[in-house]
Amino acid sequence: MSPAFLNTYPEHFARLQAKFQGKTLFSQAVGGNFLASGKLQYSLLVQLGLEPAHHVIDIGCGSGRLASQLA
């Protein structure tokens, strides 16, 4: 049995394509405001103890919201 998102994500993306284009379409496809989401994720990590001298490994399984803020 395949995971549900393999069916639901294409449907979700098709609905978004009917409403949005270009960068807005892809921003919505990954969950909304790219920059605000990345800043929120970064702030949460800082609150949990992330410091400038720490290392973070990005294994490339997302849209890059957090990686862009960590850079």
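Asks: Describe the overall build of the chain, with residues and values.
Replies: Of regular secondary structure, the chain possesses four helices and zero strands. Along the chain, helices (α) and strands (β) appear in the sequence α-α-α-α when read from the amino end. The C-alpha radius of gyration of the chain comes to 15 Å, more than 25% above the 11 Å expected for a compact globule of 71 residues. Its C-alpha atoms give the chain principal-axis dimensions of about 45 × 30 × 15 Å. Counting all 71 residues of the chain, 14% fall into the buried class. Long-range pairs, those at least 24 residues apart, make up 50% of the contacts in the chain with a sequence separation of at least 6.

Asks: For helix H2 (residues 22-29), give the residues involved together with the corresponding values.
Replies: The set of residues buried in H2 consists of Leu-25, Ser-27 and Ala-29. Just downstream of H2, Gly-31 is the residue with a positive phi angle, here 115 degrees.

Asks: Residue-level account of the layout of surface pockets, with values.
Replies: Roughly 190 Å³ of volume is contained in the largest pocket. With four residues, the single largest contributor to the lining of the largest pocket is helix H4 (residues 65-70). In terms of residue class, the lining of the largest pocket is built from seven nonpolar, five polar and two charged.

Asks: Could you give an account of the packing of aromatic side chains, with specific residues and numbers?
Replies: Tallying each qualifying case throughout the model produces two aromatic pairs. Between the aromatic rings of Phe-13 and Phe-26, the centroid separation amounts to 5.8 Å while the plane-to-plane angle is 40 degrees, which identifies the pairing as tilted. With Phe-13 in helix H1 (residues 5-19) and Phe-26 in helix H2, this residue pair connects regions lying 13 residues apart in the sequence. One aromatic cluster is present, built from ring pairs that chain together Tyr-9, Phe-13 and Phe-26.

Asks: Could you give me a rundown of the confidence of the model for the chain, with the residues and numbers involved?
Replies: Per-residue pLDDT for the chain averages 86, and the proportion of residues at 70 or more is 96%. Confidence, read as mean pLDDT per element, is least for H2 in the chain (84) and greatest for helix H3 (residues 34-47) (90).

Reading guide: rules and limits
- Starting afresh in each chain, residues are numbered from 1 along the sequence in its written order.
- For this predicted model, a pLDDT threshold of at least 70 governs which residues receive local features, and a threshold of 80 or more governs which side-chain atom pairs are given and counted, while totals over whole chains, interfaces and linings are taken from all residues.
- The basis for every side-chain value is the complete set of heavy atoms in the structure, and neither hydrogens nor water enter the calculation.
- Labels follow the DSSP assignment, with helices taken as runs of H or I lasting at least four residues and strands as runs of E lasting at least two, numbered in each case from the N terminus.
- We compute the radius of gyration from the C-alpha atoms alone; for a globule the expected value is 2.2 Å times N to the 0.38, where N is the number of residues.
- Categorising residues by exposure relies on relative accessible area from a 1.4 Å probe, with only protein chains included: less than 20% of the type maximum marks a residue as buried, more than 50% marks it as exposed, and the intermediate range marks it as partly exposed.
- Residue contacts follow a heavy-atom distance rule, with two residues in contact if any of their heavy atoms lie within 4.5 Å.
- Definitions used throughout: a 1 Å grid over protein atoms alone; a cavity as a set of points that fits a 1.4 Å probe which cannot get out; a pocket as an open set with protein on both sides within 12 Å along at least five of seven lines; a lining residue as one with an atom within 4 Å of a point.
- Grid points are joined across faces, edges and corners, and a volume is the space filled by probe spheres set on the points.
- Throughout this entry, Asp, Glu, Lys and Arg are counted as charged residues, while Ala, Val, Leu, Ile, Met, Phe, Trp, Tyr, Cys and Pro are counted as nonpolar. The remaining residues, Gly among them, count as polar.
- Only Phe, Tyr and Trp rings are paired, with Trp represented by its six-membered ring, and only when their centres lie within 6.5 Å; those with planes under 30 degrees apart are stacked, over 60 edge-to-face, the remainder tilted.
- The score called pLDDT rates the predictor's confidence residue by residue, from a low of 0 to a high of 100.

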